[in-house]
2 protein chains.
Amino acid sequence: MIDNPFYTSEFHGDYDIVSIGRLDLEDGGSIPDCRLAVTTWGELNEAKDNAILITTWYSGTHQIWRDVYVGSNHALNPERYFIVAINQIGNGLSVAPHNADGRNAELAMSNFPKVHIGDDVVAQERLLREHFGIELLQLVVGGSMGAQQTYEWAVRFPDKVLRAAPIAGTAQNTPHDFLYTEALSEQIRSDPGWAGGEYESNADVVDGLTRHAHIWAVMGFSTEFWKQEVWRALDFDSKEAFLQGFLEPYFTVMDPNDLLSMAWKWQHGDVSRHTGGDLPAALRRITARTFVMPIDEDMFFPVRDCRAEQEQIAGSELRVIEDVLGHLGLFGVAPTYMPQIDRNLGELLATEV
Amino acid sequence: MIDNPFYTSEFHGDYDIVSIGRLDLEDGGSIPDCRLAVTTWGELNEAKDNAILITTWYSGTHQIWRDVYVGSNHALNPERYFIVAINQIGNGLSVAPHNADGRNAELAMSNFPKVHIGDDVVAQERLLREHFGIELLQLVVGGSMGAQQTYEWAVRFPDKVLRAAPIAGTAQNTPHDFLYTEALSEQIRSDPGWAGGEYESNADVVDGLTRHAHIWAVMGFSTEFWKQEVWRALDFDSKEAFLQGFLEPYFTVMDPNDLLSMAWKWQHGDVSRHTGGDLPAALRRITARTFVMPIDEDMFFPVRDCRAEQEQIAGSELRVIEDVLGHLGLFGVAPTYMPQIDRNLGELLATEV
């Protein structure tokens, strides 16, 4: 257990911690006290059928959704929907290596078990059902690892998901993404300060976290983002200042083991685990109306990978988001980003199912 | 001075070491005894006007050109041309941090000076003129950093370069490439065994060199290379076996400081150094008939960056090479690669100038 002030309401606004009790894990073992950080907007109607689930991405929390995606001026409109964001296991607000204490004390730090995307979705389903009484979702939406969870929901619980919007992510992690994520993880593990996961403070691993940020710089944005110096729009004077003022501090405040836990989960995301490795068979289980929404300049979830999956989902559509930021367009920095998201999600939500 | 058996004829076939004497460097300082490793094929004619220059890429030497690109069955045909490959400074066959001894002893290891692409081209021009009496080149051709040298030749010595074929590289390094190369360099520098450049053996830096190979895995090949498992054609059973059996040993035998020297040079490659930062003005100096040859799946020298430069070169043509391997298609592994190179270089060489 490490006391890291980043994982507090000061940085992430209001949220609740809801325990779903013991969660048995796909790869064995369990989390005795599976505490999930949850944020909601709007009100659940009496029929409990106006809910939308938001899933979170690598290093992300509900807060970016609050800041950028959710509001009465957006498709994710709390005046119409009851919107629930559940932080993924390992993200540091929900149960994670750095905060495992109490009944989870044996899972602290390097002892945290391997968690799959499917474990998250099982936990989320239980939380929605037991805590809110929600058995049906108008929409599941998430970006990147959130897209992995979205696909997992649609494959695992097809009767509960009316619509699905995986943004900038895949149903089955690609080998290239595996290698990319491994390179990210290596930056952390190779820092002597990481100490096999038994550091005393994330500050001990600042070198590894900084290198990890630099790999994100290479892959998280597009080549054209750098060429056009789009960071100037964010009030930086040089790419180095942008790295030092934005990307490095973004990651160095985080917990290294938490990032490693999510990275492993990302690497192993694969809905074909339900079908003995048969991806088309898994995707055929999807009955949700699905808009697959890759970002055109994404370096590691390229459009063609997303299209290849989309083409195997009945009644789905490919809705490419144009954004020179590439994958990290997900931050919603470009003024042209959210209008595209809202237009597509709005259209999806308006679709009769 | 480190004795590294990789940098010998055992691994690189026959080559000569030619000293051009003292080379004063763009950024100040000098190399007292600038020894360049040179290989030639064919015979220089009496008029000394049938020469082709090959430049080398990051981590590469003349040997890949001998193995793949040069031969009587190729456009680079020694029966028609006198072909000279000059290894770049820092590559370990030519003068480099690990082999600086004798009159260069003060430049050994961490004391090696910063070398620019322009320094290489000045050294190459002098070597060709003083050693071979060559004042005119039918073609300058190189891939990646070799393309940087090719552009530098065409801008710096327009009267000496009749034709130019920069493959998979740019005249002005992009900011994204800078960050990519920085990430590569960080892998080496972050290894405690590197010891500020004063290690005793490249084996001391095997962890850093291995991580460096892993970054190449993410960027050197295309996403589709990994998805299609193209490595199976190279007789590997898994991507991990491919990494361990090919990409890791490719780099771990090399000298860390030599790689860092080349990486810095790559980062700072920019023909607009001749024109006060005005890239179009620099490219307007080119009079060579130029085929710009990006590889369609290249992750870090994308076609659009190469096209943007090509469009500013009078009489040039864009000839895109299709290769799912991406940047490392340069190794010529795909059976469809060399036919494209030969067709384009053959056509270029057949062009009257």
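From a predicted model like this one, the values you see are computed outputs, not experimental measurements. (Residues numbered from 1 in each chain as written. Chains lettered and ligands numbered in written order. Predicted model: local features only at pLDDT ≥ 70, side-chain atom pairs only at ≥ 80, totals over all residues. Heavy atoms only, no water.)

A. Spotlight on the side chain of Asp323(B). Tracing the backbone through its elements, the reader meets Asp323(B) in the loop between strand S10 (317-318) and helix H12 (337-350). Within the buried core, Asp323(B) has no salt-bridge partner, and the shortest N-O distance to an opposite charge, that of Arg304(A), equals 11 Å. Polar side-chain contacts of Asp323(B) include one of 2.9 Å to the backbone nitrogen of Leu325(B). Sequence-distant contacts of Asp323(B), that is, excluding residues within four places in its chain, are made with Ile295(B), Asp296(B), Glu297(B), Gly329(B), Ala334(B) and Tyr337(B). (Helix = DSSP H or I, 4+ residues; strand = E, 2+ residues; numbered from the N terminus. Buried < 20%, exposed > 50% of the residue type's maximum accessible area, 1.4 Å probe, protein only. Lys, Arg positive; Asp, Glu negative; His and termini not counted. Salt bridge = Lys/Arg side-chain N within 4 Å of Asp/Glu carboxyl O. Polar contact = N/O pair within 3.5 Å; in protein donor to acceptor, adjacent residues only side chain to side chain. Contact = heavy atoms within 4.5 Å.)

B. Spatial organisation of the UniProt feature "active site" (unreviewed entry) in chain A. Residue and element names in this part refer to chain A. Under the UniProt annotation, the feature "active site" (unreviewed entry) is placed at Ser144, Asp298 and His327. Their sequence span is 184 residues, while the largest C-alpha to C-alpha distance among them is just 10.6 Å; these annotated residues converge on one region. Of the residues named above, Asp298 line the largest pocket. Assignment of secondary structure puts Ser144 in the loop between strand S7 (139-143) and helix H4 (145-156). Tracing the backbone through its elements, the reader meets His327 in the loop between strand S10 (317-318) and helix H12 (337-350). Ignoring any residue separated from it by four or fewer positions in sequence, one finds His327 in contact with Ser144, Ala168, Trp216, Gly220, Ile295, Asp298, Phe300 and Phe301. At 2.8 Å, the side chain of His327 and the side chain of Ser144 are in polar contact. (UniProt positions renumbered as here; feature names shortened; annotations may be inferred. 1 Å grid on protein atoms, 1.4 Å probe; cavity = no way out; pocket = protein on both sides within 12 Å on 5 of 7 lines; lining within 4 Å.)

C. Region of interest: the layout of surface pockets. By volume, the largest pocket amounts to about 450 Å³. Around the largest pocket sit 16 residues that line it, and Asp298(A), Met299(A), Pro302(A), Arg304(A) and Met299(B) are the ones nearest its centre. The class makeup of the residues in the lining of the largest pocket is six nonpolar, two polar and eight charged. (Points joined across faces, edges and corners; volume = space filled by probe spheres on them. Nonpolar A, V, L, I, M, F, W, Y, C, P; charged D, E, K, R; others polar.)

D. Representation of the pairing of strand S8 (residues 163-167) of chain B within the structure. All names here are of chain B. Among the five residues of S8, five are classified as buried, and the element is accordingly described as predominantly covered. Bridge count between S8 and strand S9 (residues 289-292): two bridges; the pairing is parallel. Paired with Ala164 across the strands is Thr290, a residue of S9. (Pairing = 2+ DSSP bridges.)

E. Structural context of the relation of the copies chain A and chain B. With an RMSD of 0.0 Å, chain A superimposes on chain B once it is rotated by 180 degrees and translated 0.0 Å along the axis. Those values place the two copies in the arrangement expected of a two-fold rotation axis. Both copies present the same face, since 100% of the interface residues in chain A are matched by interface residues at the equivalent positions in chain B. (Least-squares fit on C-alpha atoms with pLDDT ≥ 70 in both.)

F. Fine view of the sheet that holds S9(B). Residue and element names in this part refer to chain B. Taking strand neighbours across the sheet as the criterion, the eight strands line up as S1-S4-S6-S5-S7-S8-S9-S10 in an open arrangement whose pairing is mixed. Edge positions in the open sheet fall to strand S1 (16-19) and S10, since each of these has one partner strand only. In this sheet, strand S6 (residues 82-86) lies alongside strand S5 (residues 51-55) in parallel orientation, the contact comprising five bridges. Bridge pairing in S6 links Ile52 to Ile83. Most of the contacts of helix H2 (residues 62-69) go to strand S4 (residues 35-41), to which it runs at about 10 degrees, and overall it touches S4, S5, S6 and strand S7 (139-143). Strands S5, S7, S8 and S9 of the sheet are contacted by helix H4 (residues 145-156), whose axis makes an angle of about 150 degrees with S7. (Axes fitted to C-alpha atoms, helices over the stretch in contact; angles between N-to-C directions.)

G. Structural context of the interface of chain A and chain B. Contact with chain A, which involves 29 residues of that partner, is made by 29 residues of chain B. In total, chain A and chain B occlude about 2,800 Å² of area from one another, counting both sides; carbon and sulfur atoms represent 64% of this. Remark: the boundary between chain A and chain B carries six salt bridges. For Glu297(A), the salt bridge is made with Arg304(B), and the minimal N-O distance between the two is 2.7 Å. Between chain A and chain B we count 13 residue pairs in polar contact (both at pLDDT 80 or more) in total. Listed by contribution, the elements that provide at least two residues to the side of chain A that touches chain B are helix H5 (175-189), helix H6 (206-219), helix H7 (223-227), helix H8 (239-252) and helix H11 (303-310) of chain A. Broken down by element, the residue count for the side of chain A that touches chain B peaks at eight residues, all from H5(A). (Buried area = accessible area lost by both parts, 1.4 Å probe.)

H. The confidence of the model for chain A, seen in detail. For chain A, mean pLDDT is 98; residues scoring 70 or higher make up 100% of the total. Ranking the elements of chain A by mean pLDDT puts helix H1 (residues 9-12) of chain A last with 96 and strand S5 (residues 51-55) of chain A first with 99. (pLDDT = per-residue confidence, 0-100.)

I. Representation of the domain arrangement of chain A within the structure. Residue and element names in this part refer to chain A. Here chain A is partitioned into domain 1 (9-173 + 270-350) and domain 2 (178-261). Distance between the C-alpha centres of domain 1 and domain 2: 23 Å. Each partner contributes residues to the interface: domain 1 has 24 residues there, and domain 2 has 29 residues. Buried area between domain 1 and domain 2, summed over both chains or domains, comes out near 2,200 Å², and the portion from carbon and sulfur atoms is 65%. In terms of surface lost to domain 2, no three residues of domain 1 exceed Tyr58, Met109 and Met299, which account for 29% of the buried area on that side. (Domains from an automatic or database assignment.)

J. Broad picture of the packing of H5(A) against helix H6 (residues 206-219) of chain B. Orientation of H5(A) relative to H6(B), taken along the N-to-C sense of each, is 150 degrees, at an axis distance of 9 Å. Here H6(B) runs roughly antiparallel to H5(A), going by the angle between their axes. You can see that H5(A) and H6(B) cross each other, and the crossing is left-handed. Where H5(A) abuts H6(B), its residues His176(A), Leu179(A), Tyr180(A), Ala183(A), Glu186(A) and Gln187(A) lie against Arg211(B), His214(B), Ile215(B), Ala217(B) and Val218(B). When grouped by side-chain class, the residues that make up the contact of H5(A) with H6(B) number six nonpolar, three polar and two charged. (Parallel < 35°, antiparallel > 145°, perpendicular 65-115°, else oblique. Left-handed = near helix turned anticlockwise from the far one by under 90°.)

K. Focus on the sheet that holds strand S8 (residues 163-167) of chain A. Residues and elements named next belong to chain A. Pairing within the open sheet is mixed, and its eight strands lie in the order S1-S4-S6-S5-S7-S8-S9-S10. The open sheet has two free edges, formed respectively by strand S1 (16-19) and S10, since each of these has just one partner strand. The strands touched by helix H2 (residues 62-69) are strand S4 (35-41), S5, strand S6 (82-86) and S7; relative to S4, the strand with the most contacts, the crossing angle is about 10 degrees. Lying over the sheet, H12 contacts S5, S7, S8 and strand S9 (289-292), oriented at roughly 160 degrees with respect to S8.

L. Focus on the pairing of S9(A). Residue and element names in this part refer to chain A. Relative to S10, S9 runs parallel, the two being bridged by two bridges. Bridge pairing links Phe291 to Glu317 in S10. In the classification by handedness, the crossover that spans S9, the intervening H11 and the parallel S10 is right-handed. (Right-handed = clockwise from strand over helix to strand, strands pointing away.)

M. Helix H3 (residues 117-132) of chain A, seen in detail. All names here are of chain A. Under the 1.5 Å per step criterion, the end-to-end length of H3 is 22 Å for 16 residues, consistent within 8% with the ideal 22 Å. Burial runs high along H3: twelve of the 16 residues are buried. Every buried residue belonging to H3 is among Ile117, Gly118, Asp119, Asp120, Val121, Ala123, Gln124, Glu125, Arg126, Leu127, Leu128 and Phe132, and all of these are buried. Just past H3, the residue Gly133 takes up positive phi, approximately 75 degrees. (Expected span 1.5 Å × (residues − 1).)

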